[in-house]
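Structure at a glance
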Amino acid sequence: MVRYWVSPGARWMRFIKILTWIGVLLLVLVGASVITIQNTDWNLHRTRLEQAVTELAGRELKLAGDLDFTLFPRPTLTAGGLALANVDWASDPKMLEADTVTFVFKPLSLLIGSPRTKYIGMRGVKLTLEENDDGRDNWAFGDGSGSGFGWGDVLPYLKTIEAEDVLINYMVAGEGPIQLRLHKALLHEEAIGSALDVDVEGTLNDKPFTVTGETSYLDQYLLGGSFGGDFHVTRPGYEYHAIGQYGRFTGFKGIDVQFKGKGTRLPTIAQTVDIPDRLRGDWEADFKLSGDKEGYQLSDADIQLAGRKFTGGLTFKYSTGYSGKFGVTTPDFQLDADGTCDERFFM
């Protein structure tokens, strides 16, 4: 048998040729994919996209405008005239409307045929949030177990949510609506696995406010769970810092928040709140608020309001009323209480 000797240099040349051909083949495949993606008429996929989101969210999605895709400098899909249907019991048939919605994809995910969104931007948004008289809300998707809405397939890749010119109407059964306008809203993840940075500017019932801080991921909240975060809020006349879990904004269930703030007037949300004259004035507060479906508990409180001071703890149960161990000091008297008390005491 004849053996052929191959020099090390020749072996390296052969290896380099193989790598070169592999590189050329990959470039051809990537180039072909880029050309295919860039020349695709995305409007032909409108129905498919609407059906996919409808099945995922359990709400009908409609796209009235064109779908426009650009590959460079970032793979971006812009959709116009978006409308997401509301739950059947809501007063408004549409939960979400937007003039334009922009999606930015991870480039590699398009090449492998599994698009992953890393950025969502919205402009000209109208959002209706509503609570029913039986405690249901319209912003929980699916059945709350995770089977109805696949946030687990979306949020791990989503790094930024941005919105401009947003109108939010918040309605509770039997109460007047609250109107919130956002000039800008930004949720952004600085590093993998970190909390989402929050930067919001807008008006609440025509009065300006800002919110900065950070929040936990939104997937559990959107599936019916609790919402958590560390926020600094400023409005004309007051500012405060709150950190902890905020429940679902429907009652006190799930709340566990440390609150600290001060101002020249009490924080109010609804326009119809009538604050008695004796409670108007400078205030400063530091307390912990927790709650469940039975009521709420105020603990480690140190609250000063219009020359009055409250310290200690207070529990309220819907079934039994108020109880606690606390002290109250006013210009007229001083009281130390331990036990139950009538709600008229706080009126």
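Residues numbered from 1 in each chain as written. Predicted model: local features only at pLDDT ≥ 70, side-chain atom pairs only at ≥ 80, totals over all residues. Heavy atoms only, no water.

1. Some details on the overall build of the chain
Which entries qualify depends on this criterion: Secondary structure elements follow DSSP: runs of H or I of four or more residues count as helices, runs of E of two or more count as strands, with numbering from the N terminus. Per-residue accessibility, obtained with a 1.4 Å probe over protein chains only, is compared with the maximum for each type, and a residue is labelled buried under 20%, exposed over 50%, and partly exposed between these values. Contacts: residue pairs with any heavy atoms within 4.5 Å of one another. Only the protein chains shown count as cover for residues, and the accessible areas themselves come from Shrake-Rupley with a 1.4 Å probe.
Per the secondary structure count, the chain includes four helices and 17 strands. Split into buried and exposed, the 347 residues of the chain put 35% on the buried side. Put simply, 41% of the contacts in the chain that link residues at least 6 apart link residues at least 24 apart. In the form shown here, the chain has an accessible surface area of approximately 21000 Å², with 57% of it arising from carbon and sulfur atoms.

2. Let's talk about the packing of aromatic side chains
What counts, and what does not: To pair, rings of Phe, Tyr and Trp, with the six-membered ring standing in for Trp, must have centres within 6.5 Å; the planes then decide the type, stacked if under 30 degrees apart, edge-to-face if over 60, and tilted in the middle.
Per the stated rule, a full pass over the model turns up nine aromatic pairs. Measuring from centroid to centroid gives 5.7 Å for F231 and Y246, while their planes differ by 50°, and the two rings are tilted. Here F231 is found in strand β10 (residues 228–235), whereas its partner Y246 is found in strand β11 (residues 238–246), with 15 residues between them in sequence. A relative accessible area of 10% places F231 in the buried class. Residue Y246 is classed as buried on the basis of its relative accessible area of 14%.

3. Some details on helix α2 (residues 46–57)
Spelled out, the test is: Here the expected span of a helix is defined as 1.5 Å times the quantity of residues minus one. The directions considered for the arc are those from the helix axis to the C-beta atoms.
Relative to the 16 Å expected for twelve residues at 1.5 Å per residue, α2 spans 16 Å between its end C-alpha atoms, a close match to the ideal helical length. Within the span of α2, buried status applies to R46, E50 and A57. Buried residues of α2 fall within an arc of 50° about the axis and therefore sit on the same side. Pointing more than 90 degrees away from the buried face of α2 are the exposed residues R48 and E55. Tucked inside the fold, the buried residues of α2 contact β1 (61–63) and β2 (67–70).

4. Here's the deal with the confidence of the model for the chain
Using the following cut-off: Confidence of the predictor in every single residue is expressed as pLDDT, which spans 0 to 100.
Summary statistics for the chain give a mean pLDDT of 76 and a share of 71% for residues scoring 70 or more. Mean pLDDT values over the elements of the chain span from 45, in helix α1 (residues 8–38), up to 92, in strand β12 (residues 255–263). When the criterion is pLDDT under 50, residues 19–39 qualifies, and its contacts beyond four places in sequence or with other chains add up to twelve contacts. This stretch, residues 143–152, has a pLDDT under 50; its non-local contacts, to residues over four places away or in other chains, come to 17 contacts.

5. Some thoughts on the pattern of salt bridges
Rule in force here: Here, a salt bridge means any side-chain nitrogen of Lys or Arg that lies within 4 Å of a carboxyl oxygen of Asp or Glu.
This structure, assessed with the given rule, holds nine salt bridges. With a shortest N-O distance of 3.3 Å, D199 and K184 are connected by a salt bridge. With D199 in strand β8 (residues 196–204) and K184 in strand β7 (residues 178–189), this residue pair connects regions lying 15 residues apart in the sequence. Relative accessible area serves as the criterion here: at 25%, D199 is assigned to the partly exposed category.

6. Section: the environment of Q297
For Q297, the location among the structural elements is in strand β14 (residues 295–305). Each C-alpha atom of the pair Q297 and K317 lies 8.7 Å from the other, and the pair is 20 residues apart in sequence. Look past the residues within four positions of Q297 in its chain and what remains in contact with it is K288, L289, S290, L314 and T315.

7. A short note on the pairing of β11
In plain terms, the rule: Pairing between two strands requires that DSSP report at least two bridges joining them.
Strand direction decides the pairing type here: β10 and β11, joined by eight bridges, are antiparallel. When the sheet's bridge partners are listed, D230 is paired in β11 with I243. Where β10 folds back on β11, the antiparallel hairpin that results is connected by two residues, among which G237 adopts a positive phi of roughly 100°.

8. Considering the side chain of R235
The test is simple: His is not counted here, nor are the chain ends, while Lys and Arg score as positive and Asp and Glu score as negative. Any N or O atom pair separated by 3.5 Å or less is treated as a polar contact, with the protein-specific requirement of one donor-capable and one acceptor-capable atom, and with residues adjacent in sequence counted only for side-chain atom pairs.
For R235, the position within the fold is in strand β10. In this structure R235 is buried but unpaired, with D206 as the nearest side chain of opposite charge at 9.1 Å. Of the polar contacts made by the side chain of R235, one reaches the backbone oxygen of L204; its length is 3.0 Å.

9. Looking at the environment of G229
Checked against the element boundaries, G229 lands in strand β10. Accessibility expressed as a relative area gives 12% for G229, which makes it buried. Each C-alpha atom, one on G229 and one on A195, is 8.7 Å from the other, the two residues being 34 residues apart in sequence. With near-sequence residues (within four places) excluded, G229 lies in contact with E214, T215, A242, I243, G244 and Y246.

10. Digging into the pairing of strand β16 (residues 321–329)
Two elements, strand β15 (residues 308–317) and β16, share nine bridges in a ladder whose sense is antiparallel. Within β16, the residue paired with T315 across the bridge is S323. The hairpin formed by β15 and β16 contains three residues between the paired strands. Taken together, the eight bridges between β16 and strand β17 (residues 334–341) define a ladder with antiparallel strand orientation.

11. Quick notes on the side chain of T203
Here T203 is to be found in strand β8. With relative accessibility at 15%, the residue T203 sits in the buried group. In contact with T203, other than residues within four places in its own chain, are Q179, L180, R181, H183, P208 and F209.

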